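Listed below, chain by chain, are the residues.
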Amino acid sequence: MNRKYRRIIIAGNYKMNMLPGEIRAYAESMKTLVPRARWCETVICAPFVDLTAGLKYLKEARISVGAQNMSEYPRGAYTGEVSGEMLRDLGVKYVIIGHSERRQYFNETDLTVNEKVRAALDLGLHPIVCVGESEKQRELGLTEAHINYQVRAALSGVNEEQIRKVVIAYEPIWAIGTGNTATAEQAGEVNRYIRSIIRSIYGARLARATSILYGGSMNEKNAFELLAQPDIDGGLIGGASLVPEKFAKIIMAANQE
Ligand code: 13P
């Protein structure tokens, strides 16, 4: 990480875990576990129905709230969907877009990811855009080609003003929920590559200021090493974010001298 040039973000992704009624106790634990002085922004991306409780209680633990998805449409007859404007109205700041689980199980394509990113930015939300290769793609040596396409597709039509609000998360699919973390070198290398793509689109100054996270079996044990990589500006954490003691340690790792 490089605190001088960019925001360090430690973001939890609850996925489809945590009941609304469990948030208060979680926030209380985090309040006692994490000291006040912090050099990173902490975020919890919660299920839609948890957002109200999250905004109420997590704020007291100095944690911002994000959603895990939003509709690409502004409003209308889209039963079961939640719009970006609804999120903004609640006071949500971040929204994960294009998580591999959404691409894999809910048919999200690079096109819908791009539509969602632009819809989020038009509303002033901060999208956390997820990209990452499968195990097969890595084996075949296609990691960079795949990441290059995903990043460029997600950011198509995003202007220089808007890119300042975008956070990228590199999440290799083979590392998610498997315990197989990418090594710090592997993750650092792809994050550096992502920054080079941003540089080629937006120039060196904006690339240097873009926060690029790593996600995939990040935990309280490997966080320090991952965050020591110059191009890893934080984490997107699934399983370990559900346990306050573990999540707090990851936040602490981002605050080491
Ligand atoms: P795990 O930390 O559980 O591997 O999940 C990572 C992830 O998908 C975060 O978005």
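Just so we're clear, the structure is a prediction, and the values are computed from it rather than from any experiment.

As for the packing of helix α1 (residues 23–33) against helix α12 (residues 244–253)
Orientation of α1 relative to α12, taken along the N-to-C sense of each, is 40°, at an axis distance of 10 Å. Comparing their axes, α12 and α1 come out oblique. Viewed along their axes, α1 and α12 form a crossing whose handedness is right-handed. On the side of α1, the interface is formed by Y26, S29, M30 and L33, while α12 contributes P244, E245, F247, A248, I251 and M252. Among the residues making up the contact of α1 with α12, the classes are represented as eight nonpolar, one polar and one charged.

Here we look at the pairing of strand β7 (residues 212–215)
Burial along β7 is two-sided: I212 and Y214 facing one way and L213 and G215 facing the other are all buried. The sheet contact formed by strand β6 (residues 167–170) and β7 spans three bridges and is parallel. Each residue of the ladder has a partner; that of Y170, found in β7, is Y214. In terms of strand pairing, β7 meets strand β8 (residues 234–237) through two bridges, oriented parallel. The partner of Y214 across the bridge, within β8, is G235.

The rules we used
- Residues numbered from 1 in each chain as written.
- Predicted model: local features only at pLDDT ≥ 70, side-chain atom pairs only at ≥ 80, totals over all residues.
- Heavy atoms only, no water.
- Axes fitted to C-alpha atoms, helices over the stretch in contact; angles between N-to-C directions.
- Helix = DSSP H or I, 4+ residues; strand = E, 2+ residues; numbered from the N terminus.
- Parallel < 35°, antiparallel > 145°, perpendicular 65-115°, else oblique.
- Left-handed = near helix turned anticlockwise from the far one by under 90°.
- Contact = heavy atoms within 4.5 Å.
- Nonpolar A, V, L, I, M, F, W, Y, C, P; charged D, E, K, R; others polar.
- Buried < 20%, exposed > 50% of the residue type's maximum accessible area, 1.4 Å probe, protein only.
- Pairing = 2+ DSSP bridges.

That's the geometry; what it means functionally is another story.
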